[in-house]
Amino acid sequence: PADLQGLDVVVFDMQDVGVRFYTYLSTLHYVMEACAENQVPLVVMDRPNPNAFYVDGPVLEMKYRSFVGMHPVPVVYGMTIGEYARMINGEGWLPGSRKCDLAVIKCKNYTHQTKYQLPIPPSPNLPNMKSIYLYPATCFFEATPVSFGRGTSLPFQVYGHPNMTGYSYSFTPRSIPGAKNPPQLNKLCHGVDLSNMSDEEIWKRGVDLSYVIDAYRNLNLDDHFFRPFFELLVGRDYVRKMIKEGKSADEIKAMWKDDVEKFKVQRKPYLLYEE
């Protein structure tokens, strides 16, 4: 409260990437909560969302609520940060159903189908558009022993492990700025390079579990492959179970299809731009 005393307004201006576990959303939630508690108005400077043109992935079950997922939304929710702030308010997601005094400064000439190229990397491990487009599918490796390219020039664009076999591609994670102690540091990892995949192919696949399934089957570690963090990222318990049962990425995707359609209806009142 002391930090907010005497303020006329708080301005929130951060470049989101439209993925539930990218924690700028959680920061937004806590800023809105603080503003609501202390009766300080919040202005959100809206920005294009580079993944706003589709909605995909499991809707978070609230028992898995954490800083990497605070609200019951899909992995890719297809909203700008301003629209999302309106939804936090409108759905009563702040504690005690408080409302934040919110104003959103809209983007001009923008629709949800606008393919916006970020001029500046939003964080060190999302250095380019390829990493941003692959992030919804490859971030799940954060909850496994598999390297997803942190400590290389291709974070979130490659995956591999020293014990994975049958791959021609390999890489070695190093300690670099933004990735001081990456998974499998200084170890030669064998795996897959996704960085040459076309953007169109990545968009078509959306939240694609086939990479995680490939690594899971190759390493043959059963439950040692998954850390508890996996459910916090994916948001549901059925995904791990279905992977262990040998189900395909398409079979698992079919499980969240209806939830995604319901969410699209739920978010409609908060949209500021044409779909």
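Each remark here, short or long, concerns the structure printed above.
Residues numbered from 1 in each chain as written. Predicted model: local features only at pLDDT ≥ 70, side-chain atom pairs only at ≥ 80, totals over all residues. Heavy atoms only, no water.

A.B. asks: Just checking my understanding: could you explain the sheet that holds strand 5 (residues 169-171) for this structure?
C.D. replies: In a beta sheet, neighbouring strands are held together by backbone hydrogen bonds and run either parallel or antiparallel to one another. The 3 strands are arranged 4-6-5 in an open sheet whose pairing can be described as antiparallel. Here the strands that pair on one side only, and so sit at the sheet edges, are strand 4 (158-161) and strand 5. Mean inter-strand twist for the sheet, computed between neighbouring axes without regard to direction, equals 45°. As defined by bridge partners, strand 5 adjoins strand 6 (residues 189-193) across 3 bridges and the pair is classed as antiparallel. Looking at the pairing, Tyr 169 lines up with Gly 191 of strand 6. (Pairing = 2+ DSSP bridges. Helix = DSSP H or I, 4+ residues; strand = E, 2+ residues; numbered from the N terminus. Axes fitted to C-alpha atoms, helices over the stretch in contact; angles between N-to-C directions.)

A.B. asks: What exactly am I supposed to notice about the side chain of His 29 here?
C.D. replies: Mapped onto the elements of the fold, His 29 is located in helix 1 (residues 24-37). What makes His 29 buried here is its relative accessible area of 1%. (Buried < 20%, exposed > 50% of the residue type's maximum accessible area, 1.4 Å probe, protein only.)

A.B. asks: What am I meant to see in the packing of aromatic side chains here?
C.D. replies: In this description, an aromatic ring pair is defined by two values, namely the gap between the centres and the angle between the planes. Summed over the entire model, instances satisfying the criterion amount to 22 aromatic pairs. Taking 5.4 Å as the distance between ring centres and 45° as the angle between the ring planes, the aromatic pair formed by Phe 53 and Tyr 54 counts as tilted. Taking the relative accessible area as the measure of exposure, Tyr 54 reaches 14% and is therefore buried. Between Tyr 159 and Tyr 211, the ring centres sit 6.0 Å apart and the planes meet at 45°, which makes this aromatic pair tilted. On the criterion of sequence distance, the pair formed by Tyr 159 in strand 4 and Tyr 211 in helix 5 (residues 210-219) is long-range, its members being 52 residues apart. (Phe/Tyr/Trp six-rings, centres within 6.5 Å; stacked < 30°, edge-to-face > 60°.)

A.B. asks: It is not clear to me how the pattern of salt bridges should be interpreted in this structure. Could you clarify?
C.D. replies: Proximity of charged atoms lets side chains of opposite charge pair with each other. Per the counting criterion, the structure on display carries 18 salt bridges. In this structure, Lys 204 and Glu 201 form a salt bridge, with 3.6 Å as the shortest nitrogen-oxygen distance. In this pair, Lys 204 and Glu 201 both sit in helix 4 (residues 199-205), 3 residues apart, roughly one turn of the helix. A relative accessible area of 66% places Lys 204 in the exposed class. Among the ionic pairs, Lys 264 bridges to Glu 261, the shortest N-O distance being 3.6 Å. Note that Lys 264 and Glu 261 are positioned in helix 8 (residues 249-267) at a spacing of 3 residues, about one turn of the helix. Within this structure, Glu 201, Lys 204, Arg 205 and Asp 208 form a network of salt bridges that share partners. (Salt bridge = Lys/Arg side-chain N within 4 Å of Asp/Glu carboxyl O.)

A.B. asks: Got a minute to help me understand the pairing of strand 4 in this structure?
C.D. replies: Moving residue by residue along a regular strand, the side chains alternate between the two faces of the sheet. Going residue by residue along strand 4, you find Val 158 and Gly 160 tucked away on one face and Tyr 159 and His 161 tucked away on the opposite face as well. Across 4 bridges, the pairing between strand 4 and strand 6 is antiparallel. If you follow Gly 160 over to strand 6, its bridge partner there is Gly 191.

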